[in-house]
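# Architecture and fold: a report
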2 protein chains.
Amino acid sequence: MKKILNSADTFVRDTMEGIEAAYGDRVGLLDGDFRVLVSRYPAPEGKVGIVTAGGSGHLPLFLGYVGQGMLDGCAVGEVFASPAAEKMADMIRACDRGAGVLCLYGNYNGDVFNFRMACEDVEFDDIETRQLLGRDDVASSPKDRADKRRGVAGLVYAFKIAGAAAERMMTLDEVTAVTARALDNIRTMGVALSPCIVPKVGQPTFTIEEGQIEIGMGIHGEAGIEVRPMMTADEIARLILETIEADMPLNAGDEVSVMINGLGGTPLEEQLIVYRSVHARLAERGVAVVMPHVGEFATSMEMAGLSVSVFKLDAELKELLRAPAATPFYTNANK
Amino acid sequence: MKKILNSADTFVRDTMEGIEAAYGDRVGLLDGDFRVLVSRYPAPEGKVGIVTAGGSGHLPLFLGYVGQGMLDGCAVGEVFASPAAEKMADMIRACDRGAGVLCLYGNYNGDVFNFRMACEDVEFDDIETRQLLGRDDVASSPKDRADKRRGVAGLVYAFKIAGAAAERMMTLDEVTAVTARALDNIRTMGVALSPCIVPKVGQPTFTIEEGQIEIGMGIHGEAGIEVRPMMTADEIARLILETIEADMPLNAGDEVSVMINGLGGTPLEEQLIVYRSVHARLAERGVAVVMPHVGEFATSMEMAGLSVSVFKLDAELKELLRAPAATPFYTNANK
């Protein structure tokens, strides 16, 4: 296993301590608990709290979006495993400023189950909560069962919208409504070329043969739609856009933001080559790209591959996307 | 070969076109030439130009630092190969605002040879130039032959200092002097766990056995100091810091910036685990870390491994490091 760590058992704790050592002026562990990271940017009374949770191994997702204009808190579990409901409840309590808390996270059974318990738990503290699920991965379930889809890189756009709405002191219902509209307008699809290794497992949990590409694989290695012979960047961009557009039609005059998300082991050069193809294809159709995001936003550790997200904008969503945000791992100051 | 591209022959061109498609409002190809990227941020007459050049395959190095407060231009060659002197000369001419141009690049034979020719060439246009070489890699040559050392991730700090000095409208000699002082205060050392594949070669040019780690490997796979059995993150941090400190002593009360640079295939989690160790070791010694940089700054495509850079600061260098900068791939707005 070619990983730089101290031990598989301390992988998550050491990562969290690294974040606190580097960025302790802006984010920190809640009461020293390495399962919960909270923002230290001052949040005014009456601001809606935005929180998430999920497994480790996806940095910058989820932890990396805690900061100004995005998340107030994030709870993490072991690599690819949900954190406990109790940790989520602690986080919700810490992030409530009297206006309630929006729990915004990916559609995975463990997270859904635990967040429900956590939200019931904090009711006793008179904290109002709402829950919204990211289900942007079009490859994970067909359109007629879109409620079964998993949340992947498109969640980052949703964090951005929710965070900006909360910063504008919108109410919990208003923040929830605009974020729900954003989620309805986000689609993602990915391809994978190589697996990753969960530290405690110590070996890949699946293989992808040389010369093969897995279409639609999930960020935990969930099987995709099919395995194909290796494709060119242009072919990959075309297949992904066609699949996304079959699900969410795009028309001339539309404005979208595009995210090319490297899964970990795919160089920025290759991500840019795919962006080139996506951009050209959209431009041909008269679809304009606003604030492209190219880089690593939601990884599967060292997995090779990438995903493409398309976020269809309206005037309000565009303004919220552009509103300033700064976390240790994300800023749109240069986007 | 598990790479997402259209063809090895168009790898660099397609990457450059991807950059222009995504960020064409801020950077662009010089006269449509995919070998030269220039900043479109307005540079006032009388500002010293800051330029670099090098091989492709290291993004964000070198291209990613073209923008506001860093580089005015960058010429690139094929993967791991120097661009032609003619391209460098075109770039220098385009980046001169009447105050001369500082050429700041890594100590590699091809780049040195070609930059010398380019600087001689632009003398005929009455453009004054200076050249400074990054030689931060302590593992590439012993201290008594430090002039032979290669430039690696520490170059990014030098770009930041030079760019900020130029923005303050310092003269060419002043910019050169403060950047030279920065270079004297930067040391880097890296470790590698796996090789990378040059697209036109199609297979790894070397191997690192399972259970082995290469200490001091260069960003083109140049052999390091030794191959060792795999080490823990704490052991790696200790070995690197001891080697750097033997070269550049650190004392209680010193302020440094630390860069943990992922080489491509090493997840952010692992980089943060190493940062944790480096931070703790420096804190024990009374050395304070300012503006830590953790992420991918100078990669070798998908190579697994990382480097640690230490940049010893004085009051002026700290101020220049903190001055605003924004390129499509770098900003210190959130650091």
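Residues numbered from 1 in each chain as written. Chains lettered and ligands numbered in written order. Predicted model: local features only at pLDDT ≥ 70, side-chain atom pairs only at ≥ 80, totals over all residues. Heavy atoms only, no water.

For the rest of this paragraph, the subject is the overall build of chain A. Broken down by element type, chain A carries 8 helices and 15 strands. Against the 2.2 N^0.38 benchmark of 20 Å for 335 residues, chain A shows a C-alpha radius of gyration of 19 Å, consistent with a compact globule. By its C-alpha atoms, chain A is 55 × 50 × 40 Å across when sized along the principal axes. Restricting to contacts in chain A with at least 6 residues of sequence separation, those with at least 24 account for 73%. As presented, chain A carries roughly 11,400 Å² of accessible surface, and 48% of it is formed by carbon and sulfur atoms. Separation of charge centres in chain A, based on 32 positive and 48 negative side chains, amounts to 3 Å. (Helix = DSSP H or I, 4+ residues; strand = E, 2+ residues; numbered from the N terminus. Rg over C-alpha atoms; globule rule 2.2 N^0.38 Å. Contact = heavy atoms within 4.5 Å. Areas by Shrake-Rupley, 256 points an atom, 1.4 Å probe, with all protein chains shown as cover. Lys, Arg positive; Asp, Glu negative; His and termini not counted. Charge placed at Lys NZ, Arg CZ, Asp CG, Glu CD.)

Another aspect to go through is the UniProt feature "domain: DhaK" (unreviewed entry) in chain A. Those residues carrying the UniProt feature "domain: DhaK" (unreviewed entry) are residues 7-330 of chain A in this numbering. Secondary structure content for residues 7-330 of chain A is 32% helix and 24% strand, while the C-alpha to C-alpha distance between its ends is 28 Å. (UniProt positions renumbered as here; feature names shortened; annotations may be inferred.)

Opposite the 62 residues of chain A that make contact, chain B presents 62 residues. Of the roughly 5,000 Å² buried between chain A and chain B on both sides combined, carbon and sulfur atoms contribute 60%. On the surface where chain A and chain B come into contact, there are 6 salt bridges. Salt-bridge contacts for K3 of chain B lead to E270 of chain A; the nearest nitrogen and oxygen are separated by 3.9 Å. Looking at the side of chain A that touches chain B, the elements with two or more residues in it are helix 1 (11-23), helix 6 (233-247), helix 7 (268-284), strand 13 (305-312), strand 14 (326-327) and strand 15 (330-331) of chain A. Looking at side-chain class alone, the side of chain A that touches chain B contains 31 nonpolar, 16 polar and 15 charged residues. (Buried area = accessible area lost by both parts, 1.4 Å probe. Salt bridge = Lys/Arg side-chain N within 4 Å of Asp/Glu carboxyl O. Nonpolar A, V, L, I, M, F, W, Y, C, P; charged D, E, K, R; others polar.)

Here we come to the packing of aromatic side chains. If you walk through the whole model with that rule in mind, you get 10 aromatic pairs over all chains. Relative to F329 of chain B, the ring of Y23 of chain B lies with its centre 5.3 Å away and its plane at 75 degrees, an arrangement referred to as edge-to-face. Taken together, the residues span a long stretch of sequence, with Y23 of chain B in helix 1 (residues 11-23) and F329 of chain B in the loop between strand 14 (326-327) and strand 15 (330-331) at a distance of 306 residues. For the pair formed by Y23 of chain B and F329 of chain B, the shared burial category is buried. Ring plane angle 45 degrees and centroid distance 6.0 Å describe the contact between Y65 of chain B and F159 of chain B, whose orientation is recorded as tilted. Here F159 of chain B lies in helix 4 (residues 155-167) and Y65 of chain B lies in the loop between strand 3 (49-56) and strand 4 (73-79), a separation of 94 residues in the sequence. For the residue pair Y65 of chain B and F159 of chain B, the accessibility class agrees, reading buried in each case. Through a chain of ring-to-ring contacts, the aromatic side chains of Y65, F159 and Y330 of chain A assemble into a single cluster. (Phe/Tyr/Trp six-rings, centres within 6.5 Å; stacked < 30°, edge-to-face > 60°. Buried < 20%, exposed > 50% of the residue type's maximum accessible area, 1.4 Å probe, protein only.)

What follows concerns helix 6 (residues 233-247) of chain B. Residue and element names in this part refer to chain B. Helix length check: helix 6, at 15 residues, gives a terminal C-alpha distance of 21 Å against a target of 21 Å (1.5 Å per residue), a fit within 8%. A233, I236, A237, L239, I240, L241, I244, E245 and D247 are the residues of helix 6 that are buried. Buried-residue contacts for helix 6 involve strand 7 (186-192), strand 8 (212-215), strand 9 (226-229), helix 7 (268-284) and strand 13 (305-312). (Expected span 1.5 Å × (residues − 1).)

A few words now on the sheet that holds strand 3 of chain B. Residues and elements named next belong to chain B. The strand order 1-2-4-3-5-6 describes an open sheet built from 6 strands, whose pairing is mixed. In this open sheet, the two strands that pair with only one neighbour each are strand 1 (27-30) and strand 6 (129-134). Taking the axes of each pair of neighbouring strands and ignoring which way they run, one obtains an average angle of 25 degrees across the sheet. Pairing of strand 5 (residues 101-106) with strand 6 involves 6 bridges; the strand directions are parallel. Looking at strand 6, one finds that Y105 is bridged to L133. Against the sheet, helix 1 engages strand 1, strand 2 (33-39), strand 3 and strand 4, with an angle of about 35 degrees to strand 2. Each of strand 3, strand 5 and strand 6 is contacted by helix 5 (residues 172-184), which is oriented at about 5 degrees to strand 6, the strand it contacts most. (Pairing = 2+ DSSP bridges. Axes fitted to C-alpha atoms, helices over the stretch in contact; angles between N-to-C directions.)

Now for the domain arrangement of chain A. Residue and element names in this part refer to chain A. Once the domains are mapped, chain A shows domain 1 (8-184) and domain 2 (186-314). Counting from both sides, the interface comprises 31 residues of domain 1 and, opposite them, 34 residues of domain 2. When domain 1 packs against domain 2, the two sides together hide about 2,800 Å² of surface, and 62% of this comes from carbon and sulfur. Considering only the side of domain 1, the residues that lose the most area to domain 2 are F80, V138 and Y157, jointly responsible for 24% of the buried surface there. Where domain 1 touches domain 2, the interface holds 5 salt bridges. Salt-bridge contacts for D247 lead to K143; the nearest nitrogen and oxygen are separated by 3.9 Å. The interface formed by domain 1 and domain 2 includes 18 residue pairs in polar contact (both at pLDDT 80 or more). Broken down by secondary-structure element, the contributors of at least two residues to the side of domain 1 that touches domain 2 are strand 4 (73-79), helix 4 (155-167) and helix 5 (172-184). When its residues are assigned to classes, the side of domain 1 that touches domain 2 shows 19 nonpolar, 3 polar and 9 charged. (Domains from an automatic or database assignment. Polar contact = N/O pair within 3.5 Å; in protein donor to acceptor, adjacent residues only side chain to side chain.)

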